[in-house]
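Understanding the architecture of this molecule
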Amino acid sequence: MKRRKLLQSIAISAGAMVILPSWAQGWSRENLSTSQVFTLEEKEMLRMIAGTFIPEGKSKGAIGVGVELFLDKLFSDCYTAEDQQKIKLAIKALSLQANLNHHLAFGACNTAQREALLQDLEKSAEHLWAYTTLRAETIRGYTSSEYVLTEHYQYIMAPGFYHGCVNI
């Protein structure tokens, strides 16, 4: 190896070692999975709404699969600010309606009460789009999760197997 190439590779390695710590600090599950669009309360409401649409049973439900993370990321990255505002208003309306009807937070209501609140939201012309979107995206997030694909649909990422030494 020539001296010039050696010095160049040492300089590049030293530069990478200086830059690496500041670059690696931003990579954590918390930083990747959170968005700045929804508050913590709204994220919790998304979690409870998804859990009401697809409850836990013999198999994992929407909460067990983590659909709320999918919804948070999807709504913050793929929907316009107007659509995000519609979803926020629907979440706020659900929270207020739960407070008025049951004197409880939406998450503290039992399953039947939450289902009734969501049905009332569906009947509201103002929040019909948000209800339909929340329901459809929850179902899409659940059915496209790794758990559902592997456990219920027997999805194999790369079907077909290589058998190198097979007698013919």
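Residues numbered from 1 in each chain as written. Predicted model: local features only at pLDDT ≥ 70, side-chain atom pairs only at ≥ 80, totals over all residues. Heavy atoms only, no water.

**Overview of unusual backbone geometry**
Positive phi, normally seen in glycine, also occurs at His-103, with a value near 55 degrees. Given a relative accessible area of 66%, His-103 falls into the exposed group. (Buried < 20%, exposed > 50% of the residue type's maximum accessible area, 1.4 Å probe, protein only.)

**Considerations on the environment of Trp-129**
Among the secondary structure elements, Trp-129 is positioned in helix α8 (residues 128-143). Its relative accessible area of 32% is what places Trp-129 among the partly exposed residues. In this structure, the C-alpha to C-alpha distance between Trp-129 and Lys-86, residues 43 residues apart in sequence, is 8.1 Å. Beyond its immediate stretch of four places on either side in the chain, Trp-129 contacts Tyr-79, Asp-83, Lys-86 and Ile-87. (Helix = DSSP H or I, 4+ residues; strand = E, 2+ residues; numbered from the N terminus. Contact = heavy atoms within 4.5 Å.)

**Digging into the pattern of salt bridges**
Scanning the entire structure with this criterion turns up four salt bridges. A salt bridge links Asp-72 to Lys-43, with the shortest nitrogen-to-oxygen separation between them at 3.9 Å. You can see Asp-72 sitting in helix α5 (residues 67-78) and its partner Lys-43 sitting in helix α3 (residues 40-53), a full 29 residues away along the chain. When sorted by exposure, Asp-72 lands in the same class as Lys-43, which is buried. Between Glu-137 and Arg-140 there is a salt bridge; the shortest N-O distance is 2.8 Å. Taken together, the residues Glu-137 and Arg-140, both in helix α8 and three residues apart, mark about one turn of the helix. (Salt bridge = Lys/Arg side-chain N within 4 Å of Asp/Glu carboxyl O.)

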